[in-house]
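Overview (structure and organization)
Spelled out, the chains give:
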Amino acid sequence: MKILPLPVVALMAAALATAAPAFAQAPTIQVNRENRTIAITATDKVILMADTATVHIGFIAYGPDSDAAYATGSRISNAIVKALTAAGVPNDAIQSENQNVSPVQEYQIDKLTPAEKAQRKFQVVQTWTVRTPADDAAKILDLAVKAGANQSGQIDWSLKDENTPQAEAAGKALQRARTVATEMAKGLNVKLGALLYANNETQAQPPRPLMQAMAKGSAMAAPEPLAINPRRIEKSATVYAVFAIE
């Protein structure tokens with residue numbers, strides 16, 4: 001086996017030391033005349049159109065007292081769920097998030113007239129998530145809003161199969177690492193050998209924005225559903241790979 005001169009070994013050691021901090025879990029690999037390696041950190045991604053939507057819907061209702069607010073809230077709550085199930089949404093796709101009956105704080109109504117304040121002493125708030133195919137997101141939101149869901153609008157986009165695109169991104173990153181390592185080996189006048197170690201680091205997903213409120217429709221003709229298009233989902237992976245050199 002050909003022995004590399006010390007400057008080349010030092011160059012490879014520097015490359016390994018630069019990549020290692022990104023992966024605290026990576027094993028310690030000795031770089032010397034007996035164990036010659038090239039270490040590479042590479043990132044790649046896969047972009048797919050979302051096929052699943054989680055629609056956040058909810059409402060807020062008021063009343064002059066707790067009983068009146070609850071009665072109004074009950075009517076709206078059941079109307080929303082009835083509208084969804086009547087449209088064919090399975091019960092197990094509708095999940096409750098939050099529901100409460102509480103007094104309205106003075107600062108919330110301080111700009112209202114005395115008559116309006118008298119009708120807003122208590123409030124009922126309820127929210128759900130509805131999981132549905134991405135193409136049905138606009139329809140679900142439209143049904144809920146027209147049934148009284150005046151605190152709705154946030155949609156989380158996702159994939160039914162999260163693992164396959166993540167594995168594909170990792171495979172592309174590893175191939176990129178091999179390509180870079182091959183070019184480095186050529187520059188060092190050596191031949192790239194077998195893969196000794198690889199570690200995949202999944203990239204964190206960005207946080208979703210808060211749910212936005214939507215005003216109730218007026219007495220005019222019912223509008224068409226909002227124009228909503230699914231988002232593209234990006235799955236990325238960063239691979240730390242160590243290759244032997246011959």
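Fair warning: this is a prediction, and the values are worked out from it, not measured in the lab. (Residues numbered from 1 in each chain as written. Predicted model: local features only at pLDDT ≥ 70, side-chain atom pairs only at ≥ 80, totals over all residues. Heavy atoms only, no water.)

A closer look at the overall build of the protein
Inclusion rule: A run of DSSP states H or I qualifies as a helix once it reaches four residues; a run of E qualifies as a strand once it reaches two. Both are numbered from the N-terminal end. Only the protein chains shown count as cover for residues, and all accessible areas are computed by the Shrake-Rupley method using a 1.4 Å probe.
When its secondary structure is counted, the protein shows six helices and seven strands. Along the protein, from the amino end to the carboxyl end, the secondary structure elements read α-β-β-α-β-α-α-β-α-β-α-β-β. Carbon and sulfur atoms form 54% of the exposed surface of the protein, whose accessible area is close to 14400 Å².

Points about the packing of aromatic side chains
Here is the rule: Each aromatic pair joins two rings of Phe, Tyr and Trp (for Trp, the six-membered one) with centres within 6.5 Å, and gets the label stacked for planes under 30 degrees apart, edge-to-face for over 60, and tilted for any other angle. Exposed residues in this analysis have more than 50% of their type's maximum accessible area, buried residues have under 20%, and partly exposed residues fall in between, with area computed by a 1.4 Å probe over protein chains only. Think of it as a cone above the ring: NZ of Lys or CZ of Arg counts as a charge over the ring if it is within 6 Å of the ring centre and within 35 degrees of the ring normal.
Scanning all chains against the criterion turns up two aromatic pairs. Centre to centre, the rings of Tyr197 and Tyr240 are 6.3 Å apart; their planes meet at 65 degrees, and the pair counts as edge-to-face. Residue Tyr197 is found in strand E6 (residues 192–202), and its partner Tyr240 is found in strand E7 (residues 232–245); the two are separated by 43 residues along the sequence. The class for Tyr240 is buried, based on a relative accessible area of 2%. Just above the ring of Tyr62 sits the side chain of Arg120; from NZ or CZ to the centre is 4.2 Å.

A word on the pairing of strand E4 (residues 122–133)
Put simply, the test is: By definition, two strands form a pair when at least two bridges between them are found by DSSP.
Taken across its twelve residues, E4 has nine buried, putting it largely inside the fold. Two strands pair when backbone bridges link them, and strand E2 (residues 52–63) and E4 are joined in this way by twelve bridges, in the antiparallel orientation. The residue of E4 that forms the bridge with Val55 is Val130. With nine bridges joining them, strand E3 (residues 94–103) and E4 adopt antiparallel strand pairing. In the strand pairing of E4, Gln99 is matched with Gln126.

Thoughts on helix H2 (residues 66–86)
Put simply, the rule is: Expected helix span is computed as 1.5 Å times (number of residues minus one). In this description, one arc is meant: the one made by directions from the helix axis to the C-beta atoms. Working rule for contacts: check all heavy atoms of both residues, and any pair within 4.5 Å makes them a contact. Within 3.5 Å is the distance limit for a polar contact, defined as a pair of N or O atoms, with the added protein rule that one can donate a hydrogen and the other accept it, and that residues adjacent in sequence qualify only through two side-chain atoms.
Look at H2: 30 Å from first C-alpha to last across 21 residues, which is about the 30 Å you get at 1.5 Å a residue. Of all the residues in H2, the buried ones are Ala69, Gly73, Ile76, Ser77, Ile80 and Leu84. The arc that holds the buried residues of H2, viewed along the axis, is 105 degrees, so those residues lie on one side. In H2, those exposed residues whose orientation departs by more than 90 degrees from the buried face are Asp67, Arg75, Lys82 and Ala86. Each element contacted by the buried residues of H2 is listed here: E2, E3, E4 and helix H5 (137–146). If you check the start of H2, you find a side-chain oxygen 3.2 Å away from the backbone N of Asp67, and it comes from Asp65. The first or second residue beyond H2 is Gly88, which carries a positive phi of 100 degrees.

Things to note about the nonpolar core
Grouped burial of nonpolar side chains is what soluble globular proteins tend to show. Operational definition: Nonpolar cores are built from buried Ala, Val, Leu, Ile, Met, Phe, Trp, Tyr and Cys residues. Side-chain atoms within 4.5 Å join them into one set.
Formed by 27 residues in total, the largest nonpolar core has its most connected members in Ile57, Ile80, Leu84 and Trp157. Within the residue set of this core, elements represented by two or more residues are E2, H2, E4, H5 and strand E5 (155–158). One finds Ile38, Val190, Leu192 and Val239 within the second-largest nonpolar core, a separate group that totals 14 residues.

Remarks on unusual backbone geometry
Even without a glycine there, the phi angle at Asn189 is positive, about 60 degrees. Relative to the helices and strands, Asn189 resides in the loop between helix H6 (163–187) and E6. Overall, Asn189 belongs to the exposed group, its relative accessible area being 64%.

Structural notes on the confidence of the model for the protein
In low-pLDDT segments, the atomic positions of the prediction should not be examined closely. Selection criterion: Per-residue confidence from the predictor is reported as pLDDT, a score between 0 and 100.
In this model, the protein carries a mean pLDDT of 84, and residues with pLDDT of at least 70 account for 78%. Low pLDDT, under 50, characterises residues 1–24; the stretch is placed with 39 contacts to residues that sit more than four places away or in other chains. Here residues 206–219 is a poorly scored stretch, pLDDT under 50, and it has 28 contacts once near neighbours within four places are set aside; other chains count.

Section: the environment of Ile228
Here Ile228 lies in the loop between E6 and E7. Considered as a pair, Ile228 and Asp135 are 93 residues apart in the sequence and their alpha carbons are 8.6 Å apart. Setting aside chain neighbours within four positions, we find Ile228 in contact with Ala138, Leu141, Ile155 and Trp157.

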